[in-house]
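Overview (structure and organization)
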There are 2 protein chains.
Amino acid sequence: MTRRLLLATRNTKKLNELRRILDAALGKSAVELVGLDDVPSYPATRETGLTFAENALAKARDGARYTGLPTVADDSGLAVDALSGMPGVFSARWAGRHDDDEANLRLLLAQLADVPDEHLGAAFVCAAAVVFPADPATGEAGWEHVLEERMRGRLTRQPRGEGGFGYDPIFVAEGHTRTNAELTPEEKDAISHRGKAFRALASVLAERLQ
Amino acid sequence: MTRRLLLATRNTKKLNELRRILDAALGKSAVELVGLDDVPSYPATRETGLTFAENALAKARDGARYTGLPTVADDSGLAVDALSGMPGVFSARWAGRHDDDEANLRLLLAQLADVPDEHLGAAFVCAAAVVFPADPATGEAGWEHVLEERMRGRLTRQPRGEGGFGYDPIFVAEGHTRTNAELTPEEKDAISHRGKAFRALASVLAERLQ
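Computed from a prediction, not measured in an experiment: that's the story for all the values here.

Rules of the game
- Residues numbered from 1 in each chain as written.
- Chains lettered and ligands numbered in written order.
- Predicted model: local features only at pLDDT ≥ 70, side-chain atom pairs only at ≥ 80, totals over all residues.
- Heavy atoms only, no water.
- Helix = DSSP H or I, 4+ residues; strand = E, 2+ residues; numbered from the N terminus.
- Rg over C-alpha atoms; globule rule 2.2 N^0.38 Å.
- Buried < 20%, exposed > 50% of the residue type's maximum accessible area, 1.4 Å probe, protein only.
- Contact = heavy atoms within 4.5 Å.
- Areas by Shrake-Rupley, 256 points an atom, 1.4 Å probe, with all protein chains shown as cover.
- Lys, Arg positive; Asp, Glu negative; His and termini not counted.
- Charge placed at Lys NZ, Arg CZ, Asp CG, Glu CD.
- Salt bridge = Lys/Arg side-chain N within 4 Å of Asp/Glu carboxyl O.
- Buried area = accessible area lost by both parts, 1.4 Å probe.
- Polar contact = N/O pair within 3.5 Å; in protein donor to acceptor, adjacent residues only side chain to side chain.
- Least-squares fit on C-alpha atoms with pLDDT ≥ 70 in both.
- pLDDT = per-residue confidence, 0-100.
- Pairing = 2+ DSSP bridges.
- Axes fitted to C-alpha atoms, helices over the stretch in contact; angles between N-to-C directions.
- Parallel < 35°, antiparallel > 145°, perpendicular 65-115°, else oblique.
- Left-handed = near helix turned anticlockwise from the far one by under 90°.
- Nonpolar A, V, L, I, M, F, W, Y, C, P; charged D, E, K, R; others polar.

Looking only at helices and strands, chain A has five helices and six strands in total. Beginning at the N terminus, the succession of helices and strands in chain A can be written as β-α-β-α-β-α-β-β-β-α-α. Over its C-alpha atoms chain A spans a radius of gyration of 18 Å, differing by no more than 12% from the 17 Å that the globule rule assigns to 210 residues. With respect to the principal axes defined by its C-alpha atoms, chain A has extents near 60 × 30 × 25 Å. Classification of the 210 residues of chain A by burial places 48% in the buried group. The contacts in chain A between residues at least 6 apart in sequence include a share of 63% that link residues at least 24 apart. For chain A, the accessible area works out to roughly 9,800 Å², and carbon and sulfur atoms hold 50% of it. The averaged location of the 31 negative side-chain charges in chain A is 1 Å from the averaged location of its 26 positive side-chain charges.

The next thing to look at is the pattern of salt bridges. Residues and elements named next belong to chain A. In total, this model carries 40 salt bridges over all chains according to the counting rule given. Close ionic contact of R10 with D37 constitutes a salt bridge, the shortest N to O distance being 3.0 Å. Note that R10 is positioned in the loop between β1 (3-7) and α1 (12-26) and D37 in the loop between β2 (31-35) and α2 (52-67), a separation of 27 residues in sequence. Given the relative accessible area of 46%, R10 is considered partly exposed.

Okay, the interface of chain B and chain A next. The extent of an interface is frequently quoted as the accessible surface area lost upon association of the parts. In this complex, chain B contributes 22 residues to the contact, which on the side of chain A involves 22 residues. It is L50, Q111 and D114 of chain B that lose the most area in chain B upon contact with chain A, and together they represent 28% of the buried surface on that side. Between chain B and chain A we count four salt bridges in total. For D114 of chain A, the salt bridge goes to R46 of chain B, with nearest N and O atoms at 3.2 Å. On inspection of chain B and its partner chain A, the count reaches six residue pairs in polar contact (both at pLDDT 80 or more).

In this section: the side chain of E17 of chain B. Residues and elements named next belong to chain B. Secondary-structure assignment places E17 in helix α1 (residues 12-26). Buried and without a salt bridge, E17 has R194 as its closest oppositely charged side chain, separated by 4.7 Å. Ignoring sequence-local partners within four residues, the contact set of E17 consists of D189, S192, R194 and G195.

Turning next to the relation of the copies chain B and chain A. Copy one and copy two of the chain differ by a rotation about an axis and a translation along that axis. Superposing chain B onto chain A takes a rotation of 180 degrees plus a shift of 0.0 Å along the axis, which leaves an RMSD of 0.0 Å. With respect to symmetry, the two chain copies, as superposed, fit the operation of a two-fold axis. Residue S84 of chain B, judged by its C-alpha, is the member of chain B lying nearest the rotation axis, at 3.0 Å. Interface overlap between copies is the fraction of interface residues in one copy that are interface residues in the other; for chain B against chain A it reaches 100%, indicating a shared surface.

Turning to the confidence of the model for chain A, a few remarks are in order. Confidence in the prediction of chain A, expressed as mean pLDDT, is 92, and 100% of residues score 70 or more. Scored by ipTM, the complex comes to 0.85, with pTM at 0.89.

Turning our attention to the sheet that holds strand β2 (residues 31-35) of chain B. Residues and elements named next belong to chain B. The strand order β2-β1-β3-β4-β5-β6 describes an open sheet built from six strands, whose pairing is mixed. Two strands close off the open sheet at either side, each with one partner strand: β2 and β6 (171-173). This sheet shows a mean twist of 35 degrees between the axes of neighbouring strands, independent of strand direction. As defined by bridge partners, strand β1 (residues 3-7) adjoins β2 across five bridges and the pair is classed as parallel. Among the inter-strand pairings, R3 is bridged to a residue of β2, identified as V31. Strand contacts of helix α5 (residues 193-209): β1, β2, β3 (71-80), β4 (121-132) and β5 (143-155), with the helix running at about 160 degrees to β5, the strand carrying the most contacts.

Right, let's talk about helix α3 (residues 101-111) of chain A for a bit. Side chains three or four residues apart in an α-helix point the same way, a direct result of the helix having 3.6 residues per turn. All of the buried residues in α3 of chain A are A103, N104, L105, L107, L108, L109 and Q111 of chain A. Buried positions along α3 of chain A lie against β3 (71-80) and β5 (143-155) of chain A together with α3 (101-111) of chain B.

All names here are of chain B. Among the secondary structure elements, A73 is positioned in strand β3. On the basis of relative accessible area, A73 is assigned to the buried category, the value being 0%. Sequence separation of A73 and R160 is 87 residues, and the distance between their C-alpha atoms is 29 Å. Among all residues touching A73, those that are not within four sequence positions of it are L7, A8, A56, K59, A60, A127, A128 and A129.

Here the focus is the packing of α1 of chain B against α5 of chain B. Residues and elements named next belong to chain B. Contact pair α1 / α5: the axes reach a minimum separation of 9 Å and the direction vectors enclose 45 degrees. Taken as axis vectors, α1 and α5 run oblique relative to one another. The hand of the α1/α5 crossing is right-handed. Here K14, E17, L18, I21, L22, A25 and L26 of α1 come into contact with α5, specifically with R194, G195, F198, R199, A202, L205, A206 and L209. The residue inventory of the contact of α1 with α5, partitioned by class, reads 10 nonpolar, one polar and four charged.

Put into structure tokens, the structure is as follows:
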């Protein structure tokens, strides 16, 4: 039986990434993945949480409540050691506006200008949540799960590479020499916080959907 | 005997504040306080530490090494709960340039725009350090002390008041309703992180200089 799942995002890249991972984990067409672009007049979730897990859960709960579908959501960002884990949940609005990747990256580099090289450690973090709404028809109770995965690495002083997005051009993962923006999408998926979190979530879903 | 002390700052306000506090604690003219403007071609200390204490100590050590005088220095900033203690040691260069108070404050407010009111707690923190250089003439060993004081409070959504500097216009101290920038200098000194740290340091110095 094909189950419908909502991924609470308008980001087509994320949608395709999760689709690939779920197909690999659950078998092709076990799950039909719906994005927010397929849900008419969907109200945006305000990301007011102070942790990735809070924000991921809030987005998944909103999606489940609005559509009645089991809903997957994620929240992710860059945690810089020298900034006590910031930009963190503020990663996409670090320079004060939402989703201005270049301004965010430029501000972060300027803030770290006087920080010695040995303190440029950082991690990309991703929380992934899934919420199954209660089903009054069958009496089935609602169910939630949230998990967090990370990719450790170091920041560079200058952006390099054209791939990826966000802070990818200034992040070199542990054991690598190229920035995330210089990796192929497949190389990045294999080691990334989001890749790991979605794969872990796929295992959770596989068990739940059996 | 009047002892000469260097305060490693070019900030006349800090110099006068420490002078007032030391006079009150040690008796008038027990100490002659010298500022960096009185020290020719003094090299700037790079603030590369990740804690206020590290930076205060680095500045005091540089001053003692360069002048041979016992040297007092401070480092201070605003630690916002929702930002895991940031801007912290980056307070004066949060927007990427040094000492652009208005840009720093504007950026901070923009970053916190979606943070709920109940998470706007913050503290001003001040580390004060003193370094006595070793004295080869008397064989006296060098000596250092560093301490940290804080003022708890909450951030406002809009700046208010014309006094103070830095983030004062958006900070309301615990038990107060006016922002720091709406307090008189005397009111602020009495409760401020820097006032408390300099008074604590004066006690330490009083004991040492006896």
